[in-house]
Amino acid sequence: MLESVSSPFQIPAQNAIEILQVHQMAQDFRREVECREQFAAYCDWYDRTALQHQQEWAAMQKDVQLRGYFRRNRS
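Residues numbered from 1 in each chain as written. Predicted model: local features only at pLDDT ≥ 70, side-chain atom pairs only at ≥ 80, totals over all residues. Heavy atoms only, no water.

Undergrad: Whenever I open this one, the overall build of the protein chain confuses me. Can you help?
TA: The secondary structure content of the protein chain amounts to two helices and zero strands. When each of the 75 residues of the protein chain is scored for burial, the buried share is 1%. Total accessible area on the protein chain is roughly 7800 Å²; 59% of this is exposed by carbon and sulfur atoms. (Helix = DSSP H or I, 4+ residues; strand = E, 2+ residues; numbered from the N terminus. Buried < 20%, exposed > 50% of the residue type's maximum accessible area, 1.4 Å probe, protein only. Areas by Shrake-Rupley, 256 points an atom, 1.4 Å probe, with all protein chains shown as cover.)

Undergrad: What is the right way to read the pattern of salt bridges from this model?
TA: Applying the stated criterion across every chain yields a total of two salt bridges. A salt bridge links Arg 31 to Asp 28; the nearest nitrogen and oxygen atoms lie 2.9 Å apart. Here Asp 28 and Arg 31 lie together in helix α1 (residues 13-62), a separation of three residues that amounts to about one turn. Exposure remark for Arg 31: the relative accessible area of 48% places this residue in the partly exposed category. Judged by its relative accessible area of 37%, Asp 28 is partly exposed. Salt-bridge contacts for Arg 36 lead to Glu 32; the nearest nitrogen and oxygen are separated by 2.7 Å. Taken together, the positions of Arg 36 and Glu 32, both in helix α1 and four residues apart, correspond to about one turn of that helix. Look at Arg 36 and you get exposed, because its relative accessible area is 57%. (Salt bridge = Lys/Arg side-chain N within 4 Å of Asp/Glu carboxyl O.)

This is the structure:
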């Protein structure tokens, strides 16, 4: 008896394959977008960190060189 009843959720095999292919492409696209966003965020973080380190290095270059000062006074 159930065999004669057609389910509204049954779709032809070709349509099912196409639907699954489109779904897979959508998932791949979402993963690609997420990966690119994560990479862009990493690049931004890296640039900010590099700039901060350069600024710290420049500030350290202006500091008094205490080690050299003490060495010269020993001689």
